[in-house]
Amino acid sequence: MKLKLGIPKGSLENATVELFRRAGFQITTSSRSYFPAIDDPEIECMLIRAQEMARYVEDGVLDAGLTAGCWRCLRRRPSKP
């Protein structure tokens, strides 16, 4: 089973790829794909706007996502019954 990881698209994208590079991972992005390649067969990446990351994790599309802390605080979720 692969870890489905959300990578922020846009202004945080390059910094996130660099963070992973410093940790020993190589992520290759393409402007034509929302699925960057990573050199770990156990990880599957998806580029998502930071504002939408929490929804994708909550809905189970992603196992985890990287984003700026401000989006986590500002995003309001409707209460579930």
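Please refer to the structure higher up on the page.
In what follows, the accompanying structure is described.

Calculation criteria
- Residues numbered from 1 in each chain as written.
- Predicted model: local features only at pLDDT ≥ 70, side-chain atom pairs only at ≥ 80, totals over all residues.
- Heavy atoms only, no water.
- Core = buried A, V, L, I, M, F, W, Y, C linked by side-chain atoms within 4.5 Å.
- Buried < 20%, exposed > 50% of the residue type's maximum accessible area, 1.4 Å probe, protein only.
- Helix = DSSP H or I, 4+ residues; strand = E, 2+ residues; numbered from the N terminus.
- Salt bridge = Lys/Arg side-chain N within 4 Å of Asp/Glu carboxyl O.

1. What about the nonpolar core?
Link 1 in the chain: Counting nine residues, the largest nonpolar core consists of Leu5, Ile7, Val17, Phe20, Ile27, Ile38, Ile43, Cys45 and Leu47.
Link 2 in the chain: Contributing elements (two or more residues each) for this core: strand 1 (3-9), helix 1 (13-22) and strand 4 (43-49).
Link 3 in the chain: A per-element tally of this core places strand 4 first, with three residues.

2. Observations concerning the pattern of salt bridges
Link 1 in the chain: What the rule picks out here adds up to three salt bridges.
Link 2 in the chain: The closest approach of N and O atoms between Glu18 and Arg21, which form a salt bridge, is 2.6 Å. Of this pair, Glu18 and Arg21 both sit in helix 1, three residues apart, which is roughly one turn of the helix.
Link 3 in the chain: Residue classification places Arg21 among the partly exposed positions, given a relative accessible area of 45%.
Link 4 in the chain: Residues joined in a network through salt bridges with shared partners are Glu18, Arg21 and Arg22.

Distances and angles like these do not, on their own, reveal function.
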